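Take a look at the letters that make up each chain.
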Amino acid sequence: MSTTGTTGREAACPGGGRHGRETADRLLRAATRSGAHLIAEAALLVQGWAVLADPIAGAVYSTPAASAADGVHAAAAPQEHPYCVQRPAAGAVLVLAPGPAVPSEHASHVATTTAALLEVRGQRAAELRGEQMRLHTTLVRLLLAGHTTAVADTLGGSGLTHVTVYRLTGADIPTAHQVLWRAVRPSLAPHADACTLLGRLDGELVVAELHHGGDDGRILRLVSRVSERHQLLAGMAGPLPLAEMSTAHSDAAAARHSATPTRRIVPADAVGTSRLAPLLPPGPYTRWAGSVLRPLTPAHQRLLLVWLRTGSKPRAATALGLSAGTVRARIRDLSRLLGADLEDATVRAHLLLALRAPTPADADADDETDHGGDEVRGGGRNMVEVRGGGGPARLDTPPSGLLDTEAVRAWACGLVGGLEPHLRIALACWLRHHARTAPAAAELHVHRTTLATWLTQCAEHLARNLADATVRAEIHLALRATRTGPDDPAALPRRGGRTYRRP
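About the criteria used
Per-chain numbering applies: the sequence of each chain, read as written, is numbered from 1 onward. Whole-chain, interface and lining totals are the exception, using all residues; otherwise, since this is a predicted model, local features are given only for residues with pLDDT of at least 70 and side-chain atom pairs are given and counted only at 80 or more. Processing note: side-chain calculations cover all non-hydrogen atoms of the structure and skip hydrogens and water entirely. The salt bridge criterion pairs a side-chain nitrogen of Lys or Arg with a carboxyl oxygen of Asp or Glu, the two atoms within 4 Å. Burial classes: relative accessible area under 20% of the type maximum marks a residue as buried, over 50% as exposed, and values in between as partly exposed (1.4 Å probe, protein chains only). Per the convention used, a helix needs a DSSP run of H or I reaching at least four residues, while a strand needs a run of E reaching at least two, with both numbered from the N terminus. In this scheme, strands are said to pair when DSSP sees at least two bridges between them. As a rule, the C-alpha atoms of each element are fitted with a line to give its axis, helices using only the stretch in contact, and angles between N-to-C directions run from 0 to 180 degrees. With respect to orientation, any angle under 35 degrees is reported as roughly parallel, any angle over 145 as roughly antiparallel, any angle of 65 to 115 as roughly perpendicular, and every other angle as oblique. Each crossing gets its hand from how the near helix is turned against the far one by less than a right angle, where anticlockwise is left-handed and clockwise is right-handed. We call two residues in contact when some of their heavy atoms are within 4.5 Å. Three classes are used: nonpolar for Ala, Val, Leu, Ile, Met, Phe, Trp, Tyr, Cys and Pro, charged for Asp, Glu, Lys and Arg, and polar for all others, with Gly counted as polar. To obtain the arc, one takes the directions from the helix axis to the C-beta atoms.

Colleague: A description of the pattern of salt bridges should follow, citing residues and the corresponding values.
Modeller: Tallied over the full model, the rule gives twelve salt bridges. Note that Asp 396 is salt-bridged to Arg 394, the shortest N-O span being 2.6 Å. Note on Asp 396: relative accessible area 33%, which makes it partly exposed. Residue class for Arg 394 comes out partly exposed when judged on its relative accessible area of 45%. Note that Glu 406 and Arg 409 form a salt bridge whose closest N and O atoms lie 2.8 Å from each other. With Glu 406 and Arg 409 both in helix H15 (residues 406-416), this residue pair falls three residues apart, about one helical turn. Among the charged side chains, a salt-bridge network with shared partners connects Arg 167, Glu 204 and Arg 256.

Colleague: Before we move on, can you summarise the pairing of strand S2 (residues 58-63) with the specific residues and values?
Modeller: Most of S2 is tucked away, with five of its six residues classed as buried. The sheet contact formed by strand S1 (residues 49-54) and S2 spans five bridges and is antiparallel. Note on S2: the bridge partner recorded for Val 51 is Ser 62. Where S1 folds back onto S2 in an antiparallel hairpin, the turn is made up of three residues.

Colleague: Provide a residue-level description of the pairing of strand S8 (residues 233-241), including the pertinent values.
Modeller: Direction of pairing for strand S5 (residues 162-169) relative to S8: antiparallel, over a ladder of seven bridges. Residue pairing across strands places Val 165 opposite Ala 237, the latter belonging to S8. Where S8 and strand S9 (residues 265-267) come together, three bridges link them in parallel fashion. Each bridged residue has a counterpart across the sheet, and for Met 236 the counterpart in S9 is Pro 267.

Colleague: So, the packing of helix H13 (residues 345-355) against helix H19 (residues 469-481): which residues are in play, and what are the values?
Modeller: The N-to-C vectors of H13 and H19 enclose an angle of 115 degrees; their axes lie 9 Å apart at closest approach. With respect to each other, H13 and H19 are oriented roughly perpendicular. The way H13 lies across H19 gives a crossing that is left-handed. Of the residues in H19, those touching H13 at Ala 345, Thr 346, Ala 349, His 350, Leu 352 and Leu 353 are Thr 470, Ala 473, His 476, Leu 477 and Arg 480. Taken together, the residues that form the contact of H13 with H19 break down as six nonpolar, four polar and one charged.

Colleague: So what about the packing of helix H16 (residues 421-432) against helix H17 (residues 437-444)? Which residues, and what values?
Modeller: Contact geometry for H16 and H17: axes closest at 8 Å, N-to-C directions at 130 degrees. With respect to their mutual orientation, H16 and H17 come out oblique. Of the two elements, H16 crosses H17, and the hand of that crossing is right-handed. The segment H16 lies against H17, with Ile 425, Ala 426, Cys 429, Trp 430 and Arg 432 engaging Thr 437, Ala 440, Glu 443 and Leu 444. Each residue belonging to the contact of H16 with H17 can be placed in one class, and the counts come to six nonpolar, one polar and two charged.

Colleague: Provide a residue-level description of H15, including the pertinent values.
Modeller: What H15 keeps buried is the set Val 408, Trp 411, Ala 412, Leu 415 and Val 416. Buried residues of H15, viewed axially, fall in a sector of 105 degrees; they line one side. The exposed residues of H15 that point more than 90 degrees off its buried face are Glu 406, Ala 410 and Gly 414. Contacts from the buried residues of H15 go to H16, helix H18 (448-462) and H19. Phi for Gly 418, located one or two positions after H15, is positive at around 90 degrees.

Colleague: Account for helix H9 (residues 282-292), with residues named and values stated.
Modeller: With respect to burial, H9 is a largely interior element, nine of its eleven residues being buried. All of the buried residues in H9 are Pro 282, Gly 283, Pro 284, Tyr 285, Thr 286, Trp 288, Ala 289, Ser 291 and Val 292.

Colleague: I'd love a proper account of the sheet that holds S5, names of residues and values included.
Modeller: Pairing is mixed in the open sheet, where five strands are placed in the order S6-S7-S5-S8-S9. Either end of the sheet is taken by a strand with one partner, and the two such strands are strand S6 (194-201) and S9. Shown here is a sheet whose adjacent strand axes are inclined to one another by a mean of 20 degrees, direction ignored. Contacts from helix H6 (residues 173-184) reach S5, S6 and strand S7 (204-211), with the element oriented near 165 degrees to S6. Sitting on the sheet, helix H8 (residues 245-256) touches S5, S7, S8 and S9, and the angle it makes with S8 is about 150 degrees.

In C-alpha cells form, the structure reads like this:
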C-alpha cells in the first residue's frame, strides 16, 4: 500500500528534549490512525522516504510510492545502501532514507520510535488475530456448504461473483498461516472488488480469493513465496463462479497432488493436460466419450475425475470432503452403472480420456474446419462407430480409428520408445498395479528396492513425473499402443541374485 505524507509543520531538528517529544507525539498521533499514516509521518520527519518491507509481501507501506522498490532492495541488501537507516519492526523491516540536511541522530530517533510504534500495532493486531482467523475459517466453511449469498452479504461486496481457491499442505502450515496473514493483511471489507479469506481446515491452509471475474495475481505471488519459503505444496483452482466454490476446492486438492518440490504450486487446469487427446479425431472422440459417459450425471463425472486425477480413493475423499468408505461405495456403484471394471488400469485410462473429451460444439467446429464437414455427416474415413453395427461404445475397447491411428502410434513411440526391455516390463506391471510397488515387485519377483531403482530410471528416460496419476494413465496407453508382445513379468530378463531372482 502506498500513501502520501501528511501535511504539517516542518520536520523537527534535534535540539533538546522538547523536539524529541514533539517528534514522538507526531509519530504517535499518526500511529493511532493507521500504519500507512505512521510511515508517511516518518518520511516527512526525515525529509526523505520511508518503506516498511516484508520478506513475503514486499513493500507493505511506502512514502512516496516510487520508493517501494528501493526500500525492498535496501532491506534485502543493506550493505549496498549505507545511507539508509533500518530497524526490524513487527516481522518486517523499516527502511528510512533521510534527506541530506537531516542529522543522523534525528533519523535514528525517528526510526527507533517508528519501529517501536509498529511493534505495538503488531501486538494489538496479534491479540485480535485469533478471533479473526476463526471467523475466516467459518466463512470458508460456509462457502463450501453452499451459503454463498450469506457470505457475500457478510462481506458486503456486491461485485464478488467469482472465487480462486488455493489449498496448501506441509509440516510448517501454522507458521505459514501467520506469515501469509501478515502479508495479505486480510479484511472483511472488500477492497477494489476483492476480498481474501484464509482458513485452516483439517490440517491444511485454504485461501479463497473472492473477486469480480478475475484477479491481479497478487495473492498467487504471495502464496508462491510462502510455499517456497516454508516448503509447502499447493494446488490452485479458479476463477470459478462463487456458487462453484466446492468444485474449486476439490479441483485445488487434485492439483496439489501433482505438486513437487520443483513445482510447488500447480493450477488445476494444468493437471492432466493431455498430450494424447489433441491427436484424436475430435468428432469421433467426442461421440465415443458422450456415449460411454451417458449414464453419468455431472456429479458422477466430477467424482470420477477427482479420483482419477488424485490417483487413490483416500485422496479423492479428502479432496471431495467425503469419507473414504463413501467414495469406495460410489465408485462400486458407478462401475456397475458403466458396465466396466474400474479397477482395471486400461479402463481407468480410457475413462480419464473420455472425461477430458472436448465439448460437442468444439468437436463439430474442429471437424468442419479440418474435413469440410464430411466426417461429421458420416462420410469421413476416420468415422468411429459407437452404435449400430459397431455395437455400443465400451470403455475397455475403444472403437477402431480412435487409438489405433498412425498419429497415436507415433506419439507413443516418442514417449516410451527406447525403454530397455526390463524397464518396460517393470513399468507396465507397476502401472497395472496402480503404482503400488509391493504387489508389482512380488509379481516381478524382484526386491522392492530394485523396482524403485528401475522406476527412477524410467522417470529419467521418459522425462515425466510418475507421481502424477494422469501422467501414469497416458504412459499406460502408450505402452499398450507400442506393444509387440505381452509385457509379461515371466519374460523379464534374469541375471540371478537375491534381489533379482527367478520365479
